[in-house]
Amino acid sequence: MVHLHLPLGWLLALTALASGWEHVTGGELASSLEKHDVLVAALIFASDKTTQSLEAEWALARSEAGVEFISIDCEADLISAWIRRAQRPVVSEVTADSLGAFKESDETVFIAYLDTDDESSRSAFLNIAAKYRDEFTFGLVTDAAAIAAEKLSAPAVKCIKPLDGDTHDLQGLTDVDSLEKFVKEASRPIIGELLPHTHQRFLDRGWPMVYVFAATEQERSDLRKTLMKTARGYYDTLTMVTVDPLEFPDLPAKLGLEPDVFPSGAVHQIFKDRIYPYPKNRGLTPSELQGWGLDVWQGRVKPWTPPGVTTSYDDLGGRLKATRSVSMKKIPGVNIGIGGRDEL
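Described below are features of the structure shown in this document. (Residues numbered from 1 in each chain as written. Predicted model: local features only at pLDDT ≥ 70, side-chain atom pairs only at ≥ 80, totals over all residues. Heavy atoms only, no water.)

As for the sheet that holds strand S8 (residues 166–171)
So, step 1. In space, the 5 strands of this open sheet follow the order S4-S6-S5-S7-S8, with mixed pairing throughout. Sheet topology places strand S4 (92–93) and S8 at the edges, where each strand pairs with a single neighbour.
So, step 2. Of the pairings in the sheet, the one linking strand S5 (residues 109–113) to strand S7 (residues 156–161) comprises 5 bridges and is antiparallel in character. Bridge assignment links Ile111 to a residue of S7, and that residue is Lys158.
So, step 3. Together, S4, S5, strand S6 (137–141) and S7 form the strand contacts of helix H6 (residues 119–132), whose direction differs from that of S6 by roughly 165 degrees. (Pairing = 2+ DSSP bridges. Helix = DSSP H or I, 4+ residues; strand = E, 2+ residues; numbered from the N terminus. Contact = heavy atoms within 4.5 Å. Axes fitted to C-alpha atoms, helices over the stretch in contact; angles between N-to-C directions.)

Put into structure tokens, the structure is as follows:
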């Protein structure tokens, strides 16, 4: 595989507003490297506005070159975190002295605590680590004293999420399937940022999905802080995510929301396949969101149906009857497995 990187001067000069570039995430970068024999990558510092004139030249070169062009926002947290993960081993050997710092090394860290001769558990952990290394950091502790200090019995796996202040333990590591299930569930943030590669994973939980849309990363960050306590209280029975509408341009309409009106939100009850757009005249505060959620749960709010669809209800606690399916299953690239319970 041949990777064409721009000369150093270009890499330092290619700085423009993020809106002028089509940035890729760490996972997408890895996929692009595997798919293309020739790849031109521009490393962008999106906050620097001094070289916006290069945007047109980059677009022209991309249209004429006949090879894959990608840009990377080096200031974006996801890219920086992905680069750090790529520089680590698939599984890092962690000692008692380095354990504390290792727990803080990423937004989500998985540490296996194993006996030195437990090759079966080691193999299972390495298998899962190799599969999810683009998203999370993995470490291994085999020091008996360090395991005892953590008040664990080998084999065990701990998930640490420093930003959320959460930890989750898996006591006993039986097989790859159970470990993968633990990794998927334990890694879920209290309020996640919806991404193409995580959407299906969230839907597969089967619990109601709470979507919160905001136009900028700063707005989404502020909403996550505002709603964090509320989301923590419903962590086990709801899946709450913030959404960049530029990343999912078709999703607001599928949730009954007006185009280009942000912030906005909606709830999708996956088990009953019902959609409830959040009223646009309400603020997205914890008290207002909880009050509206209670109205939904008690049946005082009717589900949304697309224009032209006739629906009827025996009662709001009963089944939705429609002339055609009112379904989120038509999201491109997403296949929903219906399951779980209706808790909203």
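Some points on the pairing of S7
So, step 1. Within S7, 6 of the 6 residues are buried, which leaves it mostly tucked inside the rest of the structure.
So, step 2. Of the two faces of S7, both are covered, the one formed by Ala156, Lys158 and Ile160 as well as the one formed by Val157, Cys159 and Lys161.
So, step 3. Bridge count for S7 against S8 is 6 bridges, and the pairing is antiparallel. Among the inter-strand pairings, Ile160 is bridged to a residue of S8, identified as Thr167.
So, step 4. Connecting the antiparallel pair S7 and S8 is a turn made up of 4 residues, with Gly165 showing a positive phi of about 70 degrees. (Buried < 20%, exposed > 50% of the residue type's maximum accessible area, 1.4 Å probe, protein only.)

Let's talk about the pattern of salt bridges
So, step 1. Counted by the stated rule, this structure contains 17 salt bridges.
So, step 2. Residue Asp169 pairs with Lys158 through a salt bridge whose shortest N-O separation is 2.9 Å. Taken together, the positions of Asp169 in strand S8 and Lys158 in strand S7 put the pair 11 residues apart, joining distant regions of the chain.
So, step 3. A relative accessible area of 45% places Asp169 in the partly exposed class.
So, step 4. A residue is classified by how much of its surface remains accessible, and Lys158, at 10% relative accessible area, is buried.
So, step 5. Where Asp244 meets Arg220, a salt bridge forms, and the shortest distance between an N and an O atom there is 3.7 Å. (Salt bridge = Lys/Arg side-chain N within 4 Å of Asp/Glu carboxyl O.)

A word on the sheet that holds strand S12 (residues 264–269)
So, step 1. One open sheet holds the 5 strands; their spatial order is S9-S11-S10-S12-S13, and the pairing between them is mixed. What marks the edges here is a single partner per strand, and that holds for strand S9 (192–193) and strand S13 (274–277).
So, step 2. For strand S10 (residues 209–213) and strand S11 (residues 239–243), the ladder comprises 5 bridges, and the chain directions are parallel. In the sheet register, Val212 faces S11, and the bridge partner there is Thr242.
So, step 3. The strands touched by helix H9 (residues 196–203) are S9, S10 and S11; relative to S10, the strand with the most contacts, the crossing angle is about 150 degrees.

Thoughts on the side chain of Asp106
So, step 1. Secondary-structure assignment places Asp106 in the loop between helix H5 (99–103) and S5.
So, step 2. There is a polar contact of 2.6 Å between the side chain of Asp106 and the side chain of Arg85.
So, step 3. Among the polar contacts made by the side chain of Asp106, one reaches the side chain of Thr137 at a distance of 2.8 Å.
So, step 4. Apart from the residues within four sequence positions on either side, Asp106 is in contact with Ala81, Arg85, Arg88, Glu135, Phe136, Thr137 and Pro162. (Polar contact = N/O pair within 3.5 Å; in protein donor to acceptor, adjacent residues only side chain to side chain.)

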